[in-house]
Amino acid sequence: MDKSLMPSSFATHSHWYASTLASTIGVESNGRLKDSFLHVYDVAFEGFAARMTVDQTKALEKLPGFIAMFPDTVRQLHTTHSPEFLHLNPSQGIWPQADYGSDVIVGVFDTGVWPESRSFGDNGMAPVPSRWKGQCVSGPGFKASMCNRKLVGARIFSSGYEAFSGPINETAEYKSPRDSDGHGTHTASTAAGNYVFNASLLGYGEGTAQGMAPKARVAVYKVCWQSGCFDSDILAAFDQAVADGVDVISLSVGGGVMPYSLDSIAVGAFGAMARGIFVSCSAGNSGPGDLSVSNVAPWIATVGASTMDRAFPANVILGDSSVYAGVSLYSGKPLPEAAPLIYAGDAGINNSDASSSRLCLAGSLDPSLVRGRIVLCDRGNNARVEKGSVVLAASGVGMILANAATDGEGLIADSHLLPATAVGFQAGNSIRTFIRSSTSKQSPPTGTIRFYGTKLGVAPAPVVASFSSRGLNPETPEILKPDLIAPGVNILAAWTGAIGPTGLATDQRKVEFNIISGTSMACPHVSGLAALLKAAHPQWSPAAIKSALMTSASLIDNTAHVMSDESTGNLSTPLDYGAGEVNPEQALDPGLIYDLNEDDYIGFLCGLNYSTKAIRLITRKSFSCKKKAFLPGNLNYPSFSAVLDQSSSPVLTTTLSRTVTNVGDPSSVYTAEIIAPAGMQISVKPEKLVFADLHQKLSYSLTIVADRLKLLPGDSETEFGFLTWSDGSHQVQSPIVVTRQQAF
């Protein structure tokens, strides 16, 4: 709603919204107004959320002040060693210079928090900053007094969820900030957990647990419940977090890609960015397919996932002495040296459809065939740990979980209830062949699984996680997404006391820490590092912080080669890792930054031909697109992505402009170095940038000229290059992505 049109007779916007809604749903329905009115937004966004019929929405559209509306959408959820792996040093560099993030407040939108976790203890913490306006809201299982100088805020947002799903089932989850899922506790402690010595998951990953910004404050906004996270609640959390005074927002939640004006995360994040708040979101776990990345608005830091040099090996040893590498977090009694094997696809009840039994779906396995055996299950459809539970229920003694072709060779360790390990696609095929060939020869196939605990120094690392969502950006291909990657595989962090490490109802184990994987785990790494940069450079904008993280990112693994892709073993590309693996020590002093403000983003939206209403919905600002119109690819972004349409012009060329700000040595000269892909010429003008002052801005243009390709209608091909500005001590690197396409 356009607040400028609010009649003077209303004291507040809330009263105006309530009156508008009442007139829309009809006088006879006024008694249900309270039930229909869900949220009022007044800080990061302007408007309200309400439960309405289709006819009522049509009536609302005709009222004065109406701008736009969009339906509520449900979204889904997407460290002892990672600080060391990222080279964070307590003696020098970003940690001491940022005072470990002291007084920076990180807002975490997730499933809540387990306040008793030692990661949220406030030992060594200074008093809460006086600027903080947030609260800790009491509820079932959660008292306001559970907050402290570390956990400074805790709120819940459930109106949208309950409007769609009905009242929260309080026998299954807490209608309070308390976390019954574990995801929120894990992400919050990864971003800003305090020091916890001798942390581990049942002996795995033992060491000192700490967040990326161990002295930063945590404010929890519970927006996710058992059936998901609703847009109206997420938007309400953005509104409240901005009003409370957070500095960073971490959101490991996502869904499908849609226009920015219909994307509540994009809309809420814009309002936060406009108030100087850095917003980071997970890229999604739909990799390794192309165009799978989500949370793609350019004012959001979109984070993919990578591995670390730590693994939890658990190998399969077959009766013919062949060995296949696997991973597991199983911590119970070991298997015998040799146990009979069976493929789940051959162990269905009453010879039932193998499509169910091979996946080890609930009730699909025949106990008479499975009893006493190690079962090979195919990955897919149900949770990995649930498959183990199904095997256990059918009296199996162990499980080998084989990746599907779409999973490739990427492995994720789980804390299984029975001896179990995960193997790659190729290994799974080999084990399946061994089982079936031995059975056909009437020689019972045997094997075992051996567990080797925690192994450090694994190479190569980092590697792009197979599940990490990839580009191109399906909404705006001119903006490369993901922006960067961070550790997101087998991350140890705090856990809820409400459920066991598998999350299964049958898992009665209670752990203080858990090891899980996902871009949800990568996102809070970047959130915590952004908090450190905010503390070290309080005057930097959110775009400046993101620029520093991106242009300093690394492409090289611990074998001195370009990072590989876990799913294939081949070299990865900027579509997989964006600008590269986050490199916090280099980000502290990036040399140059690519800065952006609200007006720049408005120009970008104008360049996308968004309507005036759509842009106002996102930005809440008056503007003129005539003054702002420019190519979306000319947004002052730290990476380059160009789409060249071979059917529209005989010459494939484009020129993109950028402006950099000197945040390094006042007097410095940067020289451009270009790596251009085959069949393309890339040039920069000028080739040198000569700075005389700190914060001086200089502009340059980058021109791409590409040879035409023989492409079928509808086909495209993407190539990659890099631009690096160097002054001898700083390397300011940007990926260049060029897509040639042939229209239908």
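Just so we're clear, the structure is a prediction, and the values are computed from it rather than from any experiment.

Definitions and cut-offs
Residues numbered from 1 in each chain as written. Predicted model: local features only at pLDDT ≥ 70, side-chain atom pairs only at ≥ 80, totals over all residues. Heavy atoms only, no water. Helix = DSSP H or I, 4+ residues; strand = E, 2+ residues; numbered from the N terminus. Buried < 20%, exposed > 50% of the residue type's maximum accessible area, 1.4 Å probe, protein only. Core = buried A, V, L, I, M, F, W, Y, C linked by side-chain atoms within 4.5 Å. Contact = heavy atoms within 4.5 Å. 1 Å grid on protein atoms, 1.4 Å probe; cavity = no way out; pocket = protein on both sides within 12 Å on 5 of 7 lines; lining within 4 Å. Points joined across faces, edges and corners; volume = space filled by probe spheres on them. Pairing = 2+ DSSP bridges. Axes fitted to C-alpha atoms, helices over the stretch in contact; angles between N-to-C directions. Patch = residues over 30% accessible without salt bridge, like charges linked within 9 Å, V, L, I, M, F, W, Y side chains within 5 Å. Areas by Shrake-Rupley, 256 points an atom, 1.4 Å probe, with all protein chains shown as cover. Salt bridge = Lys/Arg side-chain N within 4 Å of Asp/Glu carboxyl O. Polar contact = N/O pair within 3.5 Å; in protein donor to acceptor, adjacent residues only side chain to side chain. Disulfide = S-S within 2.5 Å. pLDDT = per-residue confidence, 0-100. Phe/Tyr/Trp six-rings, centres within 6.5 Å; stacked < 30°, edge-to-face > 60°. Expected span 1.5 Å × (residues − 1).

Trainee: Help me understand the overall build of the protein, please; the structure alone is not making it clear to me.
Mentor: Helix and strand counts for the protein come out as 20 helices and 35 strands. The buried share of the protein, reckoned over its 744 residues, is 59%.

Trainee: Any chance you could explain the nonpolar core here in plain terms?
Mentor: Nonpolar side chains in soluble globular proteins generally cluster together in the buried interior. Counting 76 residues, the largest nonpolar core has Val218, Phe278, Leu529 and Leu549 as the members making the most contacts within it. Here this core takes 8 residues from helix H14 (residues 519–536), the largest share from any one element. Those residues in contact with Val218 that sit more than four places away from it in its chain are Val106, Val108, Phe120, Lys150, Leu151, Val152, Gly153, Ala188 and Ala192. One finds Val246, Ile265, Ile479 and Ala553 within the second-largest nonpolar core, a separate group that totals 55 residues.

Trainee: I keep staring at empty space enclosed by the protein and nothing clicks. Help me out?
Mentor: The rolling of a water-molecule-sized probe over the atoms marks out the regions of remaining empty space. Looking at the largest cavity, its volume works out to about 60 Å³. Secondary-structure elements contributing two or more residues to the lining of the largest cavity are strand S13 (278–282) and helix H15 (542–551). With 3 residues, the single largest contributor to the lining of the largest cavity is H15.

Trainee: Explain the sheet that holds strand S19 (residues 374–378) here, please?
Mentor: Whether parallel or antiparallel, the strands of a sheet pair through hydrogen bonds between backbone atoms. Strand order in the open sheet made by the 7 strands is S17-S16-S22-S18-S19-S20-S21, with mixed pairing throughout. The outermost strands of the open sheet, each flanked by one partner alone, are strand S17 (323–324) and strand S21 (420–423). Alignment of strand S16 (residues 314–318) against S17, held across 2 bridges, turns out to be antiparallel. Across the sheet, residue Val316 finds its bridge partner in S17, namely Tyr324. Across the sheet, helix H12 (residues 384–393) is in contact with S19 and strand S20 (398–402); its angle to S20 comes to roughly 145°.

Trainee: Would you take a moment to explain the sheet that holds strand S4 (residues 105–110) for this structure?
Mentor: Read across the open sheet, the 7 strands follow the order S5-S8-S4-S11-S13-S14-S24; overall the sheet is parallel. Whereas interior strands pair on both sides, the edge strands pair on one side only; in this sheet they are strand S5 (151–156) and strand S24 (484–487). Within the sheet, the average angular offset between the axes of one strand and its neighbour, ignoring direction, is 25°. The sheet contact formed by S5 and strand S8 (residues 217–222) spans 5 bridges and is parallel. Note on S8: the bridge partner recorded for Gly153 is Ala219. The sheet strands contacting H14 are S4, strand S11 (248–251), S13, strand S14 (301–306) and S24, and the helix crosses S13 at an angle near 165°.

Trainee: Would you take a moment to explain a nonpolar patch on the surface for this structure?
Mentor: Together, Ile556, Val562 and Leu571 make up a nonpolar patch on the protein surface, roughly 260 Å² of accessible area in all. For Leu571, the location among the structural elements is in the loop between H15 and helix H16 (574–577).

Trainee: What am I meant to see in the side chain of Thr421 here?
Mentor: Mapped onto the fold, Thr421 is located in strand S21. Take Thr421: its relative accessible area is 0%, and that puts it in the buried class. Of note is the side chain of Thr421, whose polar atom sits 2.6 Å from the backbone oxygen of Ala314. A distance of 3.1 Å separates the side chain of Thr421 from the backbone nitrogen of Val327, its partner in a polar contact. With near-sequence residues (within four places) excluded, Thr421 lies in contact with Ala314, Val316, Gly326, Val327, Ser328, Met399, Ile400, Leu401 and Ile449.

Trainee: Sorry, what's going on with the state of the cysteines here?
Mentor: Simply put, the disulfide is a covalent bond whose two ends are the sulfur atoms of two cysteines. Here the structure, examined in full by the defined rule, presents 4 disulfides. Linked covalently through their sulfurs, Cys136 and Cys147 form a disulfide whose S-S length is 1.7 Å. Measuring handedness by torsion sign, the sulfur bridge of Cys136 and Cys147 sits at about -100° and is left-handed. Here Cys136 is found in the loop between S4 and S5, whereas its partner Cys147 is found in the loop between S4 and S5, with 11 residues between them in sequence.

Trainee: Would you mind showing me how to read the pattern of salt bridges here?
Mentor: Oppositely charged side chains can form a pair if their charged atoms are brought close together. Here the structure, examined in full by the defined rule, presents 20 salt bridges. A salt bridge links Arg379 to Asp407, with the nearest nitrogen and oxygen atoms 3.6 Å apart. Placement of the pair is Arg379 in the loop between S19 and H12 and Asp407 in the loop between S20 and S21, with a sequence separation of 28 residues. Note on accessibility: Arg379 and Asp407 belong to one class, buried.

Trainee: What is the right way to read the pairing of S21 from this model?
Mentor: Each regular strand carries side chains that alternate between the two faces of the sheet. The alternating pattern of S21 places Ala420 and Ala422 on one face and Thr421 and Val423 on the opposite face, and all of these are buried. Pairing analysis gives 4 bridges linking S20 to S21, with the strands arranged parallel. Residue pairing across strands places Ile400 opposite Thr421, the latter belonging to S21.

Trainee: What is the right way to read the confidence of the model for the protein from this model?
Mentor: Where the model shows low pLDDT, its predicted coordinates should not be examined in detail. In this model, the protein carries a mean pLDDT of 90, and residues with pLDDT of at least 70 account for 88%. For the stretch residues 27–31, pLDDT sits under 50, and the model shows 2 contacts to residues farther than four places along the chain or on other chains.

Trainee: Explain the packing of aromatic side chains here, please?
Mentor: In this description, an aromatic ring pair is defined by two values, namely the gap between the centres and the angle between the planes. Taken as a whole, this structure holds 17 aromatic pairs when the rule is applied. Measuring from centroid to centroid gives 5.0 Å for Phe109 and Phe238, while their planes differ by 70°, and the two rings are edge-to-face. Note that Phe109 is positioned in strand S4 and Phe238 in helix H8 (residues 231–244), a separation of 129 residues in sequence. A residue is classified by how much of its surface remains accessible, and Phe109, at 0% relative accessible area, is buried. Their ring planes at 80° and their centres at 5.9 Å tell us that Tyr161 and Phe230 sit as a pair that is edge-to-face. In this pair, Tyr161 is assigned in helix H6 (residues 159–165) and Phe230 in strand S10 (residues 228–230), connecting sequence segments 69 residues apart.

Trainee: Mind showing me how you'd approach H14 here?
Mentor: Owing to its 3.6 residues per turn, the α-helix brings residues three or four apart onto one side. In this model, H14 (18 residues) spans 26 Å end to end at C-alpha, consistent with the 26 Å of a helix rising 1.5 Å per residue. Judged by how many residues are buried, H14 sits mostly within the fold: 16 of 18 residues are covered.

Trainee: Mind showing me how you'd approach the pairing of S4 here?
Mentor: In terms of residue burial, S4 counts as a mostly covered element, since 6 of its 6 residues are buried. Every second residue of S4 is oriented toward a common face, with Ile105, Gly107 and Phe109 on one face and Val106, Val108 and Asp110 on the other, all of them buried. When S4 meets S8, the two strands line up parallel, connected through 6 bridges. Following the sheet pairing, Val106 is matched in S8 by Val218.

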